Structure formats: structure tokens, C-alpha cells
Amino acid sequence: MYCSKYTSSKDVVLLTSPFTFDPSMVEVFTSLSSGASLLIVPDFVKTMPAKLARIVQEQKVSVLQATPSLLQRFGKELLQKELLHSESPLRVLALGGERCPSTRTLRSWKGTGNRTEIYNIYGITEVSCWATCKKITESDLNDDAEVPLGLPLLHTKVVVKDKEDNHVVEGEGELFVGGESRICLIDNEKRLTGSPVLRATGDWVLRTLDGNIMFLCRVDSVVKYNGKKVNLAQLQDTVEQLVFVNCSTVIYHQHRNIFYVCLVPMTSRQWKEHEMRERVLSHLKHYNVPLDVLFVPHIPTTAHGKVNSNVLLDYINSIDSKQQNICRTLQEVCDRFTYFWKKYTGTEDICKEDLQQESYFMLSGGDSVTAVQCVQEIEWELGISCPLLVEKLLNTTFSVVLEYLWSCCNQEFLSNFVSKISSNQLRKRKNENKNQSGETVKSIKKDRKKTISLHHTDTVSHDPTLSFQEGHTLQNQSWNSSVKSSVSVLEPLLIVSNESKVNVNKIFSEGNEEIQEHSSHLCEESNVLLEGIKQQIDTDNATAPEIKKEQQKHDTTVQRKNITDPLDHNISSKYTSDSCVLSTKLQSPIKTTSCFQVITRFQLLEKCICSQCHWYKSVNKPDLSQDVLTTKLSLMPVWTYNLHKCIDASPLLIQYKNESPVVFIGSHSGWFAAVAIGVGCVKWKVKLPDRVESSACSDGLFVAVGCYDHFLYIFGVKFGSLWWKVKTAAEVKCSPVVDSLSGYFICGSHDHNLYALNIKKKVCVWNTKLSEASIFASPSISKDPHRIYVAALDGSVAAVTPHSGCILWLYACKKPVFSTPLAVSMGVCVASVSGEVVLLDHDGSMIWKFQCGGPVFSSISYCQCQKKEDAIIFGCHDNSIYCLTLKNGTLNWKFEANSPVFSTPCIAEIILNVSSSTVKRLKVVTVSSTSGYFCVLNPFSGKLITSHCFPGEIFSSPVMVNNQLLLGCRDNSIYCIEIVNKLEKLM
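Residues numbered from 1 in each chain as written. Predicted model: local features only at pLDDT ≥ 70, side-chain atom pairs only at ≥ 80, totals over all residues. Heavy atoms only, no water.

Here we come to the overall build of the protein. A count of helices and strands for the protein gives 15 helices and 52 strands. Within the protein, the proportion of its 987 residues that are buried is 57%. In the form shown here, the protein has an accessible surface area of approximately 42900 Å², with 49% of it arising from carbon and sulfur atoms. (Helix = DSSP H or I, 4+ residues; strand = E, 2+ residues; numbered from the N terminus. Buried < 20%, exposed > 50% of the residue type's maximum accessible area, 1.4 Å probe, protein only. Areas by Shrake-Rupley, 256 points an atom, 1.4 Å probe, with all protein chains shown as cover.)

The structure is reproduced here in C-alpha cells:
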């Protein structure tokens, strides 16, 4: 099959097999013999199905040889949409190395109109790889039958023998393959004699009268249970007939005598785990064997692409170990963590002894996405929950992360131990109370709301002995007796744990050299994320911010009759008084007025001092029916401005009455600039000491932006003069927001604190510690009820009082939250990297939940409708933009982009000149993906109106005003694009 007859110089062959697996030679020499291109990707990319699918699509791979297990990792949804769709460049798909999937399964993989040819190839190493080949035709796919092995290749002989070594003409037996010339010597074998030389394959097959050979199973995959033969492959086929199963495998645990069905459920179907479990068990009940169902994030594979049963068995054993309170050793944890570190940083070639303890994950080649994937695998394999692991992985060294991981393993052990002691004590107290009063004390039920007393201090922290369950909330009700009981049990155990604490430094030999930074070999656009973390972060020893607290009570609403810049006549003195070394360039002052609007990436009107002036139009207020008209839009560049390094921050727009809007934005270079949108001229710009990833906020008088040097900077809008800088104990990546009711600037930091700042008085009103994790996502302000919603990287979501910083309740998401919560009338919407989107009411109770097809880093936008129900729109790492009904979380539409979507969708309106006397307004959704793909969508249907490709990656969110769109790009530039319309009347 793989010869110049079937491939040509126009083909692209993907190398999926490692060089330790003989099919790699087929891929290499197929390319060499035909002049085809050979595409080689890092091994860790092969473990990321979505990324691998994009590479196949972008590089136009036409020949792919893979094991069925590798294809199964993609899942049916991804295969249909990304790999085997109607326009797929993939011409040949050859499946080998394992049993070929049934035609029913193959049919479910292919999208409508797909023309990829599928081959079943079979062979063993001892005959230099492939021995037989079968082309699976369309007629074969339409029959619900097993796929035969096919015809022998040139110079190949196949024979079926029974257990007595007799040749089988019809019936079952073991397959032998070989020939007179196809001979490979394994290990220390000497030259084999005999003609032909036949090798036992270990595969049990069925030979039919027409000569077809049907694969049945591996000899060792048929399990005898109570004298009955159970075929694991048949069990798997039966399971994969269920509509909610994305992919699966079945393994047998010999010591427990149980068959485990390990399955990955479909992401688009809203099935609950207990419902799926019941369906699977019911579907397999006729086998009459003991079964259990395990839900896993993916089916693990070996380096050769086959199902790794050992990993699954280890996972099952780890669950059993947890139940028996058997704690893993530090060496075991270190070995597994080292394996995943190297896997997701692409440093597999570095031996453990050369892995430097002070290495950083991102400096070693990782990023935020691979960090999330690494954490998922670690938690899954070790069977523990590590809420701060993403945070630690992104910001601390290898040794610090390992210490935290080890503490989580011990804490899991302690929790299980304490739960048993607590249950025994509870039963004892129940018996005592029953004997005294004759009444049984009711046990404390695990309700979905857990309560804890949180007394307000400047910094609210958690007792390390307390935890809250996933998806549950904590509220301000007292159960101090329960807290004391837990502490009294844990204290002696924690002392033992501290005494027996092992120094992880001893795991490594001394004098190791640091891993060389990959950034020296990468282009600037690819490695700018590494620059901000070159200094060592020690959050455990960080000192508390020294900020003066406001002592007097502040009014609910800040009343101002007029706006004037207090820095008009005293610009330079503020620099020296604040001892800040900044490079400032003032071109021309910004003309401010008492009436203005502030537009953020969420398209919200922040404030207008003049209550009687209606010169502006609120961006969210106009609501147009989806059937008013349709447009043909084109995007016309107006200007660009270079900020010298990547721009990940989103633009902030301020428009004063009768003046051109001004955009404020910073970049990784540290430059923070104010640019007039009308002509693209710089009003002023400031050089900050470190990179700027935070988006700015403003109240019309001041503009605030966070920096990697641990400071939040506040400048006067008019001249760009420094008014105040607020010191925190870690990087400020969080984008600040303005609470229009209190007038406070609210901002989070990587020092785990949320700050409320009175800018005019230069005081910190309060700072609250949400959890032991950094705050990356921006806070969200609810006006009715008046409160602040904030999320952290351990998945904690909190409601905080704006005037005191008191935590009203806590909710625990499954995974870290990078996405900004969205405050709406019903409550608050939250999305996490688990792909789960939830709507909580204002008391922290869940209203609905939706599961996406990948992690969510994009913040959620609110789309107000009149004829339809209100909706929310957000991007996802599965290359999609989702639109959900706000009321119940049902999917309205889903748009497929060409790469992951990190930016926040912008819901805006464009003004359409239908005629010389008629002006219409059309609401649109504008959003960009990481590849630079920018699109304008119909918010009601999700249909594409127009699109554009920028020259660099995009993580910045678009903002629009007056038909002009502002957007930052990783080619170092901010773009101003005008949307020009050509109208057609919708019939």
C-alpha cells in the first residue's frame, strides 16, 4: 500500500509513530520513495487531539497511519468536525497495530460528504511491519459487520492453526504470518531455518470459507470468568453503540475479578454521570459479569499509540489506595510529576538528574493551556484534587510545585483518616445522646450549601484544616463547634506530618545545571510570555501590602458636580514624590468634559456625570430584530500603532462630549499609551518598569492599569501624569474595574488579595484574601444587589460586599477560573477551564450548568434581546463560540472558528446608512481567535457576516465605537479597523 503507486510528491505524510515502533519506518520510507513531505510533530502534541487535528488541517496532511486508539482519543465529535469532514485534506487513513474498529464505529467517525479512504492494515514486527491490507469501501461501511484483515502483501504468507498446530481452512485459530524472505531477527535470535518462516502472532482469528480472515481478539484478551469466555473487544463495541459515549475501552482487574468500562462521554450531550452509568450497566447486563464504570478525561495510550492498560489499572488501584488510606511515597509522586512536566514542556530528552529544581514550567516550554492539561493528568493519575496546582505550575519552581503536590497527597490521606475518626465520634455521640434522652441526634447531612462563620478583617483567610466541596457554597452562618471538632482531630496528625516532612531537594543530585531557556531559540512573538516570570516568585514569604486603610465610612454614591484633573499644574512633582522612575512622553493633552462615556471590552457604559445630557447612545440599549436586514460588510484598516511588544491587553475607550474617542492600552514592552482614535495620534504614553498584560479601567478622571512589577498604576487622564501607585505582593495581571456606586477601583492581584481603592484620597479602603490562589480574572460588579463577584485560580468564586470587603459566600468550581464572572439580573455566570459554565443566583445557589467541549479562558458577554430571550456569548478552547440562553443555559447556536478563542466577544452595534435619509442600527458579535482570525457574527443565528485575518496571534478582546473597532495583536500593534457596510434588504 505504502509505495510510490499510492503516494506522490504532492502528499504530506504525518509521522505518528516513535522511532522505537517499526511503523515509523513505513512512514519515513514512504515519503522518501515517493518524494512526499514528512511532517514531524513533538510527542506531546500527539497527546493533544484538538491541537493535532488543527495541525493536520493546517498542514494539509493527506496520508495518516495510526492506531485506532490514537484516533479514538479525538472522539467522534472532533473526528467529524476537524479530521474527517467533507473538505478534509486527508486522502488515506491507515489503521493498524490494534483491532480495527467495527464499520458502525468507522461510520460514526466520518462526517457527511467525507471522501477519505480507510484501510485496515495488519502485521507484526517479526515480518518488518505490515503483512495484510484491506481497503474499506463505502459498501463495507454500510454493513454492520467486522472488518476482515484483507489480502497478504507481496512475499507474505498467512496461516491459521488450531491449538494442536493443525492448519485451519474454516474456523477459529491462531494466526501465523511470515514468508521465505520476510524475516526479522528479534533481540539475540540467530538465523532461522525452515521455509517459509512463520511467526505466531498471538491473535485469535476466524477463517471463513471465502478466505477472509476476521480478527477476534488477542489470545490474552479473552478472559475466563466462572468458566465463561468474555471478549473485552465485544464489550467495548457494545458500549460504543450508546449515543453519549465518545470513546471507551474495557479492562479486566484480575485481583478484584471485575470488568471496568472506562469511557469518555460526549461533551455536547447533557447526561449526568449516574444516568450514563445506569445505561451502560443495563446495556451490558446480558453478559452476566461484574461490571463497574469509570469516567475518564481520555483513554491513555502508550508511546506506540496503543491503549495503556497499565495506566488505567494504576488509576483504579489508586482509588482503592485512597479508600484504604494508603499514602503514596514521595519518590512515586516525584517520578510521576517529573514525567508529566517533561511531557508538557517538550523536554523528554532531559534525564531526571539534569532537571533543575529551580526550573519554571513556562521557561521550560510550557504555557497556560498545557499547564491545565498537565494538571488534569496529574490529578487523574494520582486520584487527588489539587486546587492550586495550576497557580503553582505557572508561577513557581519545580521544587515548590512538588512540595505542594506532596502536601495534597498527604492532605488526601489525612482527610480520609479524619473522616473515619469523625464518623466514629459522631456515632459515639449519637449513642450517648440516645442513652441520655432516648432521642437520636440527627446527623449532619451533606447539603449542597455548607456554612462557615467568616468574621471580617482586612484580610480574610481560610483555616487550612477546612475545605469546601466542589460546586458547594459557604455562607455566613455559625458552626464553630464543628470547626473546633475538626481542628482537634487534625492537630496531632499535622504535627506528625511536619516531623516526617521530606525535603524534596534530596530527590535530586546537587550541582545540576539549569535547563536552557527555549526562548533563545524562539521568535519574540512566541516567547514574550516567558519574560515576566524570569524572577523567582516566593509567594509563601511575601509580605503583606503596606497600604494605608481608610478609617471613615464612605458614602454609597460619590457626588461630583464637575471633573477637573488635579494634576493640571503639577505634573513632574508627583513623579519625584512617589519615587517612581517612569519614562513619559506627552504629545498633547486630552480634552476632557464633564459628560463622557467609558467603554470596556464588555461594552458597558460606566458613568456619565451629566444626568440630563443624552448625546451618547448606550451600546447595549438598541436592540434590533434579526430579520430587519442583512448586510455585506467589509473591514477597512484605518491606522495601526506599534507598542514594541505583544499586546494581550484589551482596549479601554473613553469618549468625551464633542471629542474624538481615546483608546488606552499597554503591551509586554511596558509602554502604556493613550491614542486618539480619529487620526491615530498619540496623546501621551508612559513606560512602566515591567510588562503590561492587564486591561485598563477609568472613571473619566483617572485611568488605572496593573503591571508585572507588583504595582497598580493610576494616571490622570488628561496628561498621563502619575497620581498614585499601589504596591501589592505579586504581579497584577487582573484588569481593574470601577464600581460606579461607591466610586472605588476594584482590582485583584497574584498575591491572592482583592483590593478596593479610593483613588481621590489615595487610600486602600479594604483588601480581602479570597483563597490561597491568585486572582487573574477581573471582578464583576452587580448593582442590584450591590456586590462584587470575583474568582480565583483554584476555582473559588466569591460574593464580596463593596464597602467592607466581607465575603458573603463562596462557590467552588471544578477547575481554575481565568474567565471574568458576568453579573446579570439573575445572578452571576462563571466559566472555568473544566469547560463548565454555571449560572449562580445572588445567594450562590446554582440555577443551571452547561458543559463545553474544552477549557474556557474567554470571559462571558451579555446579549440583551427584546424579541428573543437574553443570551450569553463566550469563546472556548475547542475553537468554538457559544451562545446560550441566559434563562436556562440551553444552546442557541455554536460557531466554529479555526483556532481556540481566548478573547471576549464584543456585543456592539453598527450604524447602517440604508439611504440618504434612513439610518438603521444592527447589533453584531465581533470576536477573534488565537490564530488572528477575526469574525463578525449575527448574534441571533451565529451566522458569519464577514471575517478578516490579522498577521499575528490575538488574545486581546475587540472593542467598538462609531463603527470603528480597536484590537490588540501579538505582532506588537494595536489596530483600528472601520466596518464599512454594503446593504441588501432581507426578503
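Taken as a whole, the second largest pocket spans an internal volume of roughly 1200 Å³. If you trace the second largest pocket, you find 44 residues lining it, with Gly97, Glu98, Arg99, Arg218 and Lys306 closest to the centre. When residues of the lining of the second largest pocket are assigned to their parent elements, the largest contribution, five residues, is made by strand β5 (residues 117-124). Class assignment of the residues belonging to the lining of the second largest pocket gives a composition of 21 nonpolar, 13 polar and 10 charged. (1 Å grid on protein atoms, 1.4 Å probe; cavity = no way out; pocket = protein on both sides within 12 Å on 5 of 7 lines; lining within 4 Å. Points joined across faces, edges and corners; volume = space filled by probe spheres on them. Nonpolar A, V, L, I, M, F, W, Y, C, P; charged D, E, K, R; others polar.)

Below, the discussion takes up a nonpolar patch on the surface. Side chains of Phe19, Met25, Phe29 and Leu32 sit close together on the surface and give an oily, nonpolar patch of about 470 Å² of accessible area. Position of Phe19 relative to the elements: it lies in the loop between β1 (12-15) and α1 (23-34). (Patch = residues over 30% accessible without salt bridge, like charges linked within 9 Å, V, L, I, M, F, W, Y side chains within 5 Å. Salt bridge = Lys/Arg side-chain N within 4 Å of Asp/Glu carboxyl O.)

In this section: the pairing of strand β49 (residues 944-949). Here strand β48 (residues 933-937) runs beside β49; their pairing, made up of five bridges, is antiparallel. Each residue of the ladder has a partner; that of Phe934, found in β49, is His948. Taking the residues that link successive antiparallel strands as the turn, the β48-β49 hairpin has six residues, and the phi of Gly942 there is positive, at about 80°. (Pairing = 2+ DSSP bridges.)

Taken as a whole and judged by the stated rule, the model has 15 salt bridges. One salt bridge connects Lys110 with Glu138, and the closest N-O pair in it is separated by 3.5 Å. Placement of the pair is Lys110 in the loop between α4 (103-109) and β5 and Glu138 in helix α5 (residues 138-142), with a sequence separation of 28 residues. Judged by relative accessible area, which is 13%, Lys110 ranks as buried. In this structure, Arg970 engages Asp648 in a salt bridge whose closest nitrogen and oxygen atoms are separated by 2.8 Å. A residue pair is termed long-range when its members are at least 10 positions apart, and Arg970 in the loop between β51 (964-968) and β52 (973-984) and Asp648 in the loop between β21 (630-642) and β22 (652-656) qualify at 322 residues. Of the two residues, Arg970 and Asp648, neither departs from the other in class, the shared state being buried.

Moving on: the nonpolar core. Phe337, Leu393, Leu405, Ile714 and Leu757 are the most contacted members of the largest nonpolar core, which totals 72 residues. The greatest single-element share of this core, amounting to eight residues, is contributed by helix α12 (residues 398-437). In this structure, Leu405 is in contact with Val333, Phe337, Ile378, Leu382, Ile384, Cys386 and Leu389, ignoring residues within four places of it in sequence. (Core = buried A, V, L, I, M, F, W, Y, C linked by side-chain atoms within 4.5 Å. Contact = heavy atoms within 4.5 Å.)

Taken in spatial order, the four strands make up an open sheet running β38-β39-β40-β41, and their pairing is antiparallel. The outermost strands of the open sheet, each flanked by one partner alone, are β38 (822-824) and β41 (846-851). Looking at each pair of strands side by side, their axes are set apart by 15° on average, direction ignored. Pairing between β38 and strand β39 (residues 827-831): three bridges, direction antiparallel. By the bridge assignment for β39, Val824 is matched with Gly827. (Axes fitted to C-alpha atoms, helices over the stretch in contact; angles between N-to-C directions.)

Here the focus is empty space enclosed by the protein. Considering all chains together, one arrives at eight cavities of 30 Å³ or more under this definition. In this structure, the second largest cavity occupies an estimated 60 Å³ of space. As for the second largest cavity, its lining consists of Arg99, Cys100, Asn120, Glu146, Val147, Met214 and Phe215. For the lining of the second largest cavity, the class distribution of residues is four nonpolar, one polar and two charged.

Another point: helix α9 (residues 330-345). In a regular helix each residue adds 1.5 Å, so 16 residues correspond to 22 Å; α9 covers 22 Å between its end C-alpha atoms and thus fits that length. Among the residues of α9, Leu330, Val333, Cys334, Phe337, Thr338, Phe340, Trp341, Lys342, Lys343, Tyr344 and Thr345 are the ones counted as buried. A positive backbone phi angle near 70° is found at Gly346, which sits one or two residues after α9. (Expected span 1.5 Å × (residues − 1).)

Turning to the sheet that holds strand β10 (residues 197-207), a few remarks are in order. Ordered in space as β8-β9-β10-β11, the four strands form an open sheet in which the pairing is antiparallel. Whereas interior strands pair on both sides, the edge strands pair on one side only; in this sheet they are β8 (157-161) and β11 (213-218). Ignoring which end each strand starts from, the neighbouring axes of this sheet average 50° apart. Strand direction decides the pairing type here: β10 and β11, joined by five bridges, are antiparallel.

Right, let's talk about the confidence of the model for the protein for a bit. Looking at the protein, pLDDT values average 75 and 73% of them are 70 or higher. For the stretch residues 322-327, pLDDT sits under 50, and the model shows 13 contacts to residues farther than four places along the chain or on other chains. Low pLDDT (under 50) marks residues 433-581, which in the prediction has 263 contacts with non-local residues, meaning those over four places away or in another chain. (pLDDT = per-residue confidence, 0-100.)

In the segment running from Asp784 into Pro785, the intervening peptide bond is cis, with an omega of 0°. Its place among the elements puts Pro785 in the loop between β34 (780-783) and β35 (786-791).

Right, let's get into the packing of aromatic side chains. The relative placement of two aromatic rings is captured by the distance of their centres and the angle of their planes. Summed over all chains, the structure comprises 23 aromatic pairs. With centroids separated by 6.1 Å and ring planes inclined at 50°, the aromatic side chains of Phe672 and Trp684 adopt a geometry described as tilted. Of this pair, Phe672 sits in strand β24 (residues 671-676) while Trp684 sits in strand β25 (residues 682-687), placing them 12 residues apart in sequence. There is no split in this pair, since Phe672 and Trp684 are both buried. Relative to Tyr882, the ring of Phe874 has its centre 5.5 Å away and its plane inclined at 15°; by these criteria the two rings are stacked. The residues Phe874 and Tyr882 share a single accessibility class, namely buried. (Phe/Tyr/Trp six-rings, centres within 6.5 Å; stacked < 30°, edge-to-face > 60°.)

Summarising the element assignment, His877 is placed in the loop between β43 (871-875) and β44 (880-885). With sequence-adjacent residues up to four places away left out, His877 is seen in contact with Val369, Pro855, Pro900 and Phe902.

Now for the pairing of β51. Of all five residues in β51, five are buried; the element is thus mostly enclosed. Taking every second residue as pointing to the same face, both faces of β51 are buried, with Gln964, Leu966 and Gly968 on one and Leu965 and Leu967 on the other. Pairing analysis gives three bridges linking strand β50 (residues 959-961) to β51, with the strands arranged antiparallel. Looking across to β51, one finds that Val961 is bridged to Gln964. Where β50 folds back on β51, the antiparallel hairpin that results is connected by two residues, among which Asn962 adopts a positive phi of roughly 55°.

So, on to the environment of Lys849. One can find Lys849 in strand β41. Separated by 39 residues in the primary sequence, Lys849 and Asn888 place their C-alpha atoms 8.5 Å from one another.

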